[in-house]
Amino acid sequence: MVRVRLVNVTKKFGDVVAVNNVSFEVKEGELFTLLGPSGCGKTTTLRLIAGFYKPDSGEIYFDDELVNDLPPYKRNTGMVFQNYALWPHMRVFDNVAYGLKLRNWPPRKIIRRVKEMLNLVGLAGKEKRYPSELSGGEQQRVALARALVIEPRVLLLDEPLSNLDAKLRVRMRSEIRKLQKKLGITTIYVTHDQEEALSISDRIAVMNKGKILQIGDPIEIYENPRDIFVADFIGTTNFIPARVVEFDKNAKKITIKIDDQKIVKDYYGHAEVGIDVIIAIRPESLDIVSLSEKPASKPFIVGKIDLIDFLGKIIRYEIETEFGLIKVDTSEKSLREKFKEGDKVVIVIDPESIRIFTKLSAYSLN
Amino acid sequence: MFHWLSRMIDLKELFTRRFLEEKNITLIALIINIVLLAFIVLPIFAILVKAFITTRGISLENFIIFWSNSYYREALYATFMAALFTVITTSFIGIPLAYILVRYDFPGKNFFSVLVLVPLIMPPFVGALGLYKILGISGVMNIILVNMFHILDKPINFLYGDMLLFALSDYDKIYLPYGIVLINTLHLYPLIYLNCAASLSNIDPSLEEQAENLGSRGFHLFRTVTFPLMRPGWMAGAVLVFIWTFSDLGTPLIVHYFKMLSVIVFFKLYEITAGNPSPVSYVIGFIMVIMSFITLFISRKYISLRKYVMLFSGGRQVRRIHKPSGVKLILVYLFLTSLSLSALSPHIGLTLVAFSKRWVLTLIPEEFTLDNFVYVTPLAAPFIFRSFIYSLIAAVIDIALGAFIAYIVSRKLFVGGDLIDLVATLPLAVPGIIFGLGYWALFYKVPLLDPLSYTPIILTISYSMRRLPYTVRAAYAGLLQIDEALEEASINLGATRMKTFRRITLPLLVMNLFAGGILSFINALIEVSTTFLLVVTDRYAPTTWFLYFRALADPRRGLAIASAVGFLFVVIIAVALFITNKILGSRMGSVFRL
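What you see is a predicted model, and the numbers here were worked out from it, not measured in a lab.

A. The arrangement of the overall build of chain A in detail. Per the secondary structure count, chain A includes nine helices and 20 strands. When the 366 residues of chain A are sorted by exposure, 38% land in the buried category. Considering only contacts in chain A between residues 6 or more positions apart, those separated by 24 or more positions represent 65%.

Structural data, given as C-alpha cells:
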C-alpha cells in the first residue's frame, strides 16, 4: 500500500488545459474520490496516475518515489475501466490470471490465487465463462478481480459503476467499499455521481474545469461547501440573491438583506458593505407554512406552489417566487393534505443553515 | 399451450395483413428468391450432385478416378500449397502494414496508404502480364542478376515453375508453384491489410491499456491482446485470399503453370460440349465448393466474434497512435517503400511493355511508340464494346437486386432474411470457376440459358450474380445510416411500404447504389474464370477473352499488344475506382471485406 501524492500537476491537450495545477495526497488505505461533471479532468487525473499520460508539469509520487517517467506497465497499479475492458477472447480465468502470468507466477499458484480472488468477489465457478456470457454486474466483478489479483500498489477505479442499473449500482458500491476496507488498499475512485461519492469515500476532491475546488470528507463537502459550484453540484441547493448591509470585521458578524428582511449571521470571510452576495440553502432546511402563519422572527419568502413532486420518502415543493423557483423538501406527510398546486405559501428560512458566497468565481448560475 | 396458440394466430394475421397490404414487396421477395435459387444455389448444388453421378448410378467412382491419377493429386497439392503459402505471405505483409498505417503517425502516411492499395486497380492476370518483363525469363531481374552482377549463371523464370516441398511417395510429390504465390501475393495483400486495419481500428483502446496496466508491453501485448482482437479481420481477409488463389484461373494460364485444379477444369471443358462431361471436373468443383464452405464457415464464426468485440462500449476512447522515431521510423519507411515499389512493379512493367517498340535485354525499352495501341485498338474494339454491354447490364441488375435485398434484410421484412443475406454474400467466397462449371451443369441445352448458343445471356447473368455482393453491401451500408423512423413517418402518413421505398428510401440510397454498381461493373469487366469457362467462340467474347486467346496468342508481338489492352483496362478501372472513392469515401474499404 502506498501514499499517492500529486504536486502541481498540469496536463494540456492542445490548447485545452485538462488538469490545471492539481495537488493532493491520498493516504495509505484511503478511498479517495475525484468527483466532478464530465470533462472536469477527473479521468485525465486518474490516467496520469496510471501512467497513460505524462504530466506537462508537476510531479506524481507513489510514497516517495517519483513515477512521472515510469511507463504504465511498470507502475503496478490496478485499474478498472469504465467499460471493464474485459478481453473478449479470454475466459474469466485467463482474464484474471493475465497479470500473474506476466509476473511469472508458477501455474499452480496462479490457479489457487485466481480461485481465491474469484471467491472474494463472488464469482466462484465462473472461471470457464467468456465475458460475453456474464451479466453486467459479473463483468464488473471480473474487472475488479483482475485489477486486485496482482496486489497493486494502488487501485484505480474509473466510473466503475456507470454501466450498471440503479439497484445494482447501489449494491456494488457497498461491496466495493467493504472489499476495499478488507484489503486496506489505497484506492482512487472517479465518478460524476455525487451520491455515489458521498456514500463510498473517505475523502472527496470536487473538480471542475481541471481544478480541484475542495477536498474534504463527505460530511464536510455536503454541509460546508466552500465554493458555489460545490454547493450546486453536491445535492440540491437553492440560490437566492442578497445584499450586504452591514459587516463587522471584528465581531465577525454580517448582516444581509433579502427583499427588506435582514439576516444577521456569523461570517469569517471577507465582505464589503453594499456588495451583492448569493445565499445557498438546501431544500431540506426550508419550511413552508400558509400565509396566515408568517413568522415574526425568521426571514421568509412568499411564493406560489408550482409543482408538488412526490419522491417517496419526501415531498418536494417547487415554489415560484420573485427569486425564481425555490425547492423545499419535507417529510411531513400532513402537509400533503394542507397544500395544493397553485396555493400561495410562505417559505421560512432558517438563518443557521444558510451559506453566503460573495464571489461568483468562474461559475455562473445562469 | 394457450400462449403458443395465440402466437400462431398473431403470426397468421400478421402474414395475411402484410400480404394484402404489401403484395408488391412480397412479389419482389419471391422473384429475388427464385433468382438467387436458380443462379446461385442450384448451380452449386448441381456440381455437388454431379460429382457423385456416374454411368453406374450414384457412387464414389468419380472420386476414385480423380484420386488414382497422380497428376490430379499433384495438382490438388500444388493448388492447396499455392493458396496456403499466399495466405502466409500476404499475412506477413498485410498485418504489419495494417499495424503501421493504423497505429503510427509519420510524414507521408496518407501517400503510402493510397499507394499500397494500387494492386486493387489491376486485374490479377494483367498484373501477371506486367511482371513478364520484370520477373520473367528475359525480365529486368534476370538482366540485373545474370548480365550485370553475374550472381546467377543462367536466367531463372521467377513466374513459371515450382519447387519440391516434400514427397509423400514416388508418385505423390508436393510442389509449391512459387510464381503463382509471388504474383498473387503482390495482388492480394491489400485484402489482408484492409480487413486487419478495419479490425484494428475498431479495438477499444482500453482493452490494450488494461493489459499495459497489468504489466504487458511490446510484442507480448500484441500477441496476447492486440492480435487476438484483430483476428476476425485477419481471418476474413485470409479466407478471401485462400479461395481466390485456390480457384484462380487467370494467373496460372498467363504464367503457363498448368498443374492447377482450375486449369484442369478449364481444359476439360470441351468434354462437356462433346457430350461427354468429364467426371473429374465435377470432382474438382466439389472440392472447391467444400473448401469455400469450410472457409466461409470458419470466417462466419469469427465474424460473430467480431460482433461481440463491439459489445463493450462506453468510456472514453483515446486512440493509440504513436509517432515512431529513429531506427523505428527508418524501418517503417524501408518497409513501405519496398512494398510500394513491389506493388507498383506490375504496373510499371505493363506500361513500359505497352509503349515499347523493342525491349530486349535492356533495363528499360530502347524505343517507345504508340504502335501497339494503334494496332490493337481496332481488333479489340468489338470485344471491348461487348464487355461494356455485358458489364453494364450486369451492374444494372445488381443495383436493382442489391437495393431490394439490402432493404429486405436490413428492415427485417421477412422471416429468413438472414438466409437471403447469406446466399447473396456467397459469391464472395464461391469461386468463379464454380459458377462457370455450375452453369454448364445446369443450363447446357436449356433454351435461352445454354452457354453454347446463348452466351451473352448466361454470361451477363453470371457477371451479375458474381458481383451481387458489392451492391448488396453498398446498399446495406447506406441503409444502416438511414433512420428507420424516416420510413415509419412516411408509412404513418399513409404511404405503402413500396411507395415509401420508392419515394423516401431509394433517393437517400442512390449514391451508395451507384458506387456499388460501379464496383460490380469494373469487376464484371475484369472477370476471367467465368468468362473463360462460359465463352466458346469469338462471336460473343468479351475483352479478357480477347486479351488471352487473341492478343497474347499473336505470334509476332503478343506480349506488347496484350499489355496495351491491359493498360487500357487499368486506366478504366482507376477512373471508376476514383469515382467510387469520391462517393463512398472511407466506407470504400468495406466493399473488399468479407
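B. Spotlight on the overall build of chain B. Scanning chain B for helices and strands turns up 25 helices and six strands. Here the C-alpha radius of gyration of chain B, 26 Å, is about what a compact globule of 594 residues would show, namely 25 Å. Dimensions along the principal axes, computed over C-alpha positions, put chain B at roughly 85 × 70 × 55 Å. Here chain B holds 594 residues, and 46% of them are scored as buried. Here the contacts in chain B between residues at least 6 apart in sequence split such that 77% fall between residues at least 24 apart.

C. Geometry of the sheet that holds strand β16 (residues 300-310) of chain A. Residues and elements named next belong to chain A. Ordered in space as β15-β19-β16-β17-β18, the five strands form an open sheet in which the pairing is antiparallel. Each edge of the open sheet is held by one strand with a lone partner, namely β15 (286-290) and β18 (324-330). For this sheet the average axis-to-axis angle between neighbouring strands, irrespective of direction, equals 45°.

D. Structural view of the sheet that holds strand β10 (residues 211-216) of chain A. Residues and elements named next belong to chain A. Across the sheet, which stays open at both edges, the six strands sit in the order β6-β7-β8-β3-β9-β10 with mixed pairing between neighbours. Because the sheet does not close on itself, it has two edges, and the strands there are β6 (77-80) and β10. If you compare each strand with its neighbour and ignore which way they point, the axes differ by 20° on average. As paired elements, strand β3 (residues 31-35) and strand β8 (residues 187-191) share five bridges and run parallel to each other. Counted as the bridge partner of Leu35 is Thr191 from β8.

E. Spotlight on the interface of chain A and chain B. The interface is formed by 22 residues belonging to chain A together with 23 residues belonging to chain B. Secondary-structure elements contributing two or more residues to the side of chain A that touches chain B are α1 (42-50), β6 and α2 (92-102) of chain A. Here the side of chain A that touches chain B is built from residues that sort into 13 nonpolar, eight polar and one charged.

F. View of the pairing of strand β11 (residues 238-248) of chain A. Residue and element names in this part refer to chain A. In this sheet, strand β14 (residues 276-281) lies alongside β11 in antiparallel orientation, the contact comprising six bridges. Among the inter-strand pairings, Ala242 is bridged to a residue of β14, identified as Val277. Pairing geometry for β11 and strand β12 (residues 253-258), over five bridges, is antiparallel. Across the sheet, residue Asp248 finds its bridge partner in β12, namely Lys253. Counting the residues in the hairpin turn of β11 and β12 gives four residues, including Lys252, whose phi is positive at 55°.

G. Broad picture of unusual backbone geometry. All names here are of chain A. At Glu151, a residue that is not glycine, the phi angle is positive and equals roughly 50°. On the basis of neighbour count, Glu151 is assigned to the partly exposed category, with 14 C-beta atoms found within 10 Å. The backbone phi angle of Lys209 is positive, close to 50°, even though this residue is not glycine. Assignment of secondary structure puts Lys209 in the loop between β9 (203-208) and β10. Lys209 gets classed as partly exposed once you count the C-beta atoms within 10 Å, which come to 16.

H. A look at the domain arrangement of chain A. Residues and elements named next belong to chain A. Domain parsing of chain A yields domain 1 (4-232) and domain 2 (236-357). Taking only C-alpha atoms, the centre of domain 1 and the centre of domain 2 are 39 Å apart. Listed by partner, the interface residues are four residues for domain 1 and five residues for domain 2. For the side of domain 1 that touches domain 2, a count of residues per class yields three nonpolar, no polar and one charged.

I. Spotlight on the packing of helix α6 (residues 124-135) of chain B against helix α15 (residues 327-354) of chain B. Residues and elements named next belong to chain B. One can describe the packing of α6 onto α15 by two numbers: an axis separation of 7 Å at closest approach and a directional angle of 75°. Between α6 and α15, the angle falls in the class roughly perpendicular. Seen from α6, the contacting residues are Val126, Gly127, Leu129, Gly130, Leu131, Tyr132, Lys133 and Ile134; seen from α15, they are Ser345, Pro346, His347, Gly349, Leu350, Leu352 and Val353. Taken together, the residues of the contact of α6 with α15 sort by class into nine nonpolar, five polar and one charged.

J. Focus on helix α10 (residues 218-247) of chain B. With 30 residues, α10(B) should reach 44 Å at 1.5 Å per residue; the first-to-last C-alpha distance of 38 Å falls well below that figure. At B:Phe227, α10(B) shows its strongest bend, of approximately 50°, with the proline B:Pro228 following within four residues.

K. Spatial organisation of helix α19 (residues 455-466) of chain B. Residue and element names in this part refer to chain B. Taking 1.5 Å of rise per residue, the 12 residues of α19 would be expected to cover 16 Å, and the 16 Å separating its terminal C-alpha atoms lies within 8% of that figure. Counting buried positions along α19 gives 10 out of 12 residues, so the element sits mostly inside the fold. Regarding α19, the residues found buried are Thr455, Ile458, Leu459, Thr460, Ile461, Ser462, Tyr463, Ser464, Met465 and Arg466.

L. Up close: the nonpolar core. In terms of nonpolar packing, the biggest core is built from 267 residues, with A:Ala145, A:Ile188 and A:Ile347 touching the most fellow members. No other element matches helix α16 (residues 371-410) of chain B, which puts 16 residues into this core. The two domains that each donate at least three residues to this core are domain 1 (4-232) and domain 2 (236-357) of chain A. With sequence-adjacent residues up to four places away left out, A:Ile347 is seen in contact with A:Leu286, A:Ile288, A:Phe300, A:Ile301, A:Gly303, A:Ile319, A:Ile326 and A:Val328.

Calculation rules
- Residues numbered from 1 in each chain as written.
- Chains lettered and ligands numbered in written order.
- Predicted model: local features only at pLDDT ≥ 70, side-chain atom pairs only at ≥ 80, totals over all residues.
- Helix = DSSP H or I, 4+ residues; strand = E, 2+ residues; numbered from the N terminus.
- Buried ≥ 20, exposed ≤ 12 C-beta atoms within 10 Å, placed from the backbone.
- Contact = placed C-beta atoms within 7 Å.
- Rg over C-alpha atoms; globule rule 2.2 N^0.38 Å.
- Pairing = 2+ DSSP bridges.
- Axes fitted to C-alpha atoms, helices over the stretch in contact; angles between N-to-C directions.
- Nonpolar A, V, L, I, M, F, W, Y, C, P; charged D, E, K, R; others polar.
- Domains from an automatic or database assignment.
- Parallel < 35°, antiparallel > 145°, perpendicular 65-115°, else oblique.
- Expected span 1.5 Å × (residues − 1).
- Bend = angle between axes of the 7 residues up to and from the residue.
- Core = buried A, V, L, I, M, F, W, Y, C linked by C-beta atoms within 7 Å.

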